[in-house]
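Given next are the chains, with one letter for each unit.
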Amino acid sequence: MLISAKKILTAARAKRYAVPAFNVNNLEILKAVMSAAEKIRSPVIIQTSEGAIEYAGIEYLAAMIRVAAKGKIPVVMHLDHGKDLRYVKLALANGYNSIMIDGSALPYLKNVAITKKVVALAHPKGVSVEAEIGALAGIEDLISVKEKDAALTNPEEAVRFAKDTKCDSLAIAIGTSHGAYKFKGKTHLDIGRLKKIAKLVALPIVLHGASGVREDLKTMAEKYGAKLGEARGVMDQDIKAAIKNGVAKINIDTDLRLAFTAGMREALHDLPKVIDPRKLLEPSNILMREVAMRKMRLFGSAGKA
Ligand code: G3H
Ligand code: 13P
Ligand code: ZN
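Starting from 1, residues in each chain are numbered consecutively following that chain's sequence as written. By the order in which they are written, chains take letters starting at A while ligands take numbers starting at 1. This being a predicted model, a pLDDT of at least 70 is required before a residue's local features are given, and a value of 80 or more before pairs of side-chain atoms are given or counted; all residues contribute to the totals for chains, interfaces and linings. Hydrogens and waters are ignored; side-chain quantities use all the structure's heavy atoms.

Draft legend 1. Geometry of the site of ligand 1. Neighbouring residues are identified by heavy atoms, a residue being near a molecule or strand if any of them is within 4 Å of it. Around ligand 1, the neighbouring residues are Asn23, Ser49, Asp80, His81, His178, Asp253 and Arg257. We call two N or O atoms a polar contact when they sit within 3.5 Å, provided that within protein one can donate a hydrogen and the other can accept it, with sequence-adjacent residues counted only if both atoms are side-chain atoms. One of the side-chain N or O atoms of Asp253 is found 2.6 Å from an oxygen atom in ligand 1.

Structure (structure tokens):
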């Protein structure tokens, strides 16, 4: 069933678990995620980026997600990193019930202004709004305390931003970054900063750039020719600490991409005579499903549907 993001994320923060938000670009990813959610009864946020919308077309995506939401599993239809109001309006027109407006690269007042604009468009329709304050940056690139403070979310600014915009959930920066190359060594997230933010902001907190970049999947992809170098993600223990301290929505894209790639490479290597895409996609689908189930268990959302 289609469920309100505000409702499910508020419950998640109160009960100290997090709802996984998976980026979906095609039918295979969506089906793998839904199959995982059904198997272990987890609510799920299905999100599409502006890039996904350009790739697949919003009508195809919206139709597929609506089918996914027809079953018993609580599903949120979410626009990820809406930056251009054109995509926000497109998502609203296509039945999305949750919108992220990402003004994090803008100066404070401009971020507030665009977020308020989206809240004004979304709230009358009963649509939830996620907004972002602070810049996602690899924590190791921010060497000095001054640099860290300038880029990562400032707790006082976060509470002011939440009040100024009336957003429903808040994405913050505590040292994660998008993609497969997050850290050089065993760097941890700034959980102290998260604690300060969570003390001041009662809203569900959102963690972007949270993929773990599993070593075994990296090795598997590399066995069949991938070159992933120093790819490294967020450790499970940091994810658990983040959830304990207020994070209620966790975004995962890279880990699904890695599973897809590892499976695809293995299939192409092992099945040189096969040209049926359904057969070639099978290992990817199985791996993506397994990745999604592991996240649901790690985030504590398993059994909450
Ligand atoms: O936050 C970024 C997500 O991983 C989506 O990536 O813009 O390439 O679809 P994308
Ligand atoms: P990852 O690249 O770590 O999977 O993060 C995805 C994300 O934040 C999508 O908004
Ligand atoms: Zn993101």
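Now that the structure is up, let's keep going.
Draft legend 2. Structural detail: helix α6 (residues 108-122). Across its 15 residues, α6 extends 21 Å between first and last C-alpha, which sits within 8% of the 21 Å expected from 1.5 Å per residue. To sort residues, take the accessible area from a 1.4 Å probe on protein chains only and compare it with the maximum for the residue type: under 20% means buried, over 50% means exposed, and anything in between is partly exposed. Helix and strand assignments follow DSSP, with helices taken as H or I runs no shorter than four residues and strands as E runs no shorter than two, numbered in order from the N terminus. Listed in full, the buried residues belonging to α6 are Tyr108, Asn111, Val112, Ile114, Thr115, Val118, Val119 and Ala122. We call two residues contacting when some pair of their heavy atoms lies within 4.5 Å. Next to the buried residues of α6 lie α5 (85-93), β4 (98-101), β5 (128-133) and α8 (155-165). Here a helix's expected span is defined as the number of its residues, less one, multiplied by 1.5 Å.

Draft legend 3. Local environment of the site of ligand 2. If you check the shell around ligand 2, you find 15 residues, and the closest are Asp80, Lys182, Ser211, Asp253 and Thr254. Separating an oxygen atom of ligand 2 from a backbone N or O atom of Gly179 is a distance of 2.9 Å. Separating an oxygen atom of ligand 2 from a backbone N or O atom of Asp253 is a distance of 2.7 Å. Using the Shrake-Rupley algorithm and a 1.4 Å probe, accessible areas are obtained, with residue cover drawn only from the displayed protein chains. Burial of ligand 2 by the protein chains amounts to 97% of its free accessible area of 310 Å².

Draft legend 4. Seen up close, the coordination of the zinc ion (ligand 3). The rule for donors is simple: N, O or S, within 2.8 Å of the metal, or within 3.2 Å if the metal is Na, K or Ca. Water isn't counted, so a site may look like it is missing partners. Taken together, the protein donors to the zinc ion (ligand 3) comprise His81 (NE2), His178 (NE2) and His208 (ND1), at separations of 2.0 to 2.1 Å. Taken in chain order, the donor set of the zinc ion (ligand 3) reads H-x96-H-x29-H. Within this pair, whereas His178 is found in the loop between β6 (169-172) and α9 (191-200), its partner His208 is found in the loop between β7 (205-207) and α10 (215-223), the two being separated by 30 residues in sequence. Relative accessible area serves as the criterion here: at 46%, His178 is assigned to the partly exposed category. His208 gets classed as buried once you look at its relative accessible area, which sits at 1%.

Draft legend 5. Representation of unusual backbone geometry within the structure. Although it is not a glycine, Arg16 sits at a positive phi angle of roughly 55 degrees. Inspection of the secondary structure assignment puts Arg16 in the loop between α1 (5-15) and β1 (19-23). With relative accessibility at 55%, the residue Arg16 sits in the exposed group. For Arg41, which is not glycine, the phi torsion reads 50 degrees and is therefore positive. When you line up the elements, Arg41 lands in the loop between α2 (27-40) and β2 (44-49). Judged by its relative accessible area of 45%, Arg41 is partly exposed.

Draft legend 6. Spotlight on the packing of α5 against α6. Two elements in contact, α5 and α6, have axes whose closest approach is 11 Å; the angle formed by their N-to-C orientations is 15 degrees. In terms of their interaxial angle, α5 and α6 are classed as roughly parallel. In the crossing of α5 with α6, the sense of the turn from one axis to the other is right-handed. For the pair α5 and α6, the contacting residues are Leu85, Val88, Lys89 and Leu92 in the first and Ile114, Lys117, Val118, Leu121 and Ala122 in the second. Residues are grouped as follows: Ala, Val, Leu, Ile, Met, Phe, Trp, Tyr, Cys and Pro are nonpolar; Asp, Glu, Lys and Arg are charged; all remaining types, including Gly, are polar. Taken together, the residues of the contact of α5 with α6 sort by class into seven nonpolar, no polar and two charged. Comment: axis = line fitted to C-alpha atoms, over the contacting stretch for helices; angle = value between 0 and 180 degrees taken between N-to-C directions. Note on angle classes: values under 35 degrees are labelled roughly parallel, values over 145 roughly antiparallel, values of 65 to 115 roughly perpendicular, and the remainder oblique. Handedness of a crossing is defined here by the sense of rotation of the near helix relative to the far one, left-handed for an anticlockwise turn of less than a right angle and right-handed for a clockwise turn.

Draft legend 7. Region of the structure containing the pairing of β2. For β2, the buried fraction is high: six of the six residues fall into the buried class. On β2, burial covers both faces: Val44, Ile46 and Thr48 on one face and Ile45, Gln47 and Ser49 on the other are all buried. Here β1 pairs with β2 via three bridges, running parallel. Opposite Phe22, over in β2, you have Ile46 as the bridge partner. Note that β2 and strand β3 (residues 75-82) share six bridges and pair parallel. Residue pairing in the sheet places Ser49 in a bridge with Asp80 of β3. Whether two strands pair depends on DSSP finding at least two bridges between them.

Draft legend 8. Expanded view of the side chain of Ser284. The topology assignment puts Ser284 in helix α13 (residues 277-299). Residue Ser284 is classed as buried on the basis of its relative accessible area of 0%. Sequence-distant contacts of Ser284, defined by excluding residues within four places in its chain, comprise Ala259, Phe260, Gly263 and Met264.

Draft legend 9. The confidence of the model for the chain, seen in detail. A score from 0 to 100, pLDDT tells how confident the predictor is in each residue. Mean pLDDT over the chain: 96, with 97% of residues reaching 70 or higher. Considering each helix and strand of the chain separately, the mean pLDDT is smallest for helix α7 (residues 145-151), with a value of 74, and largest for β1, with 99.

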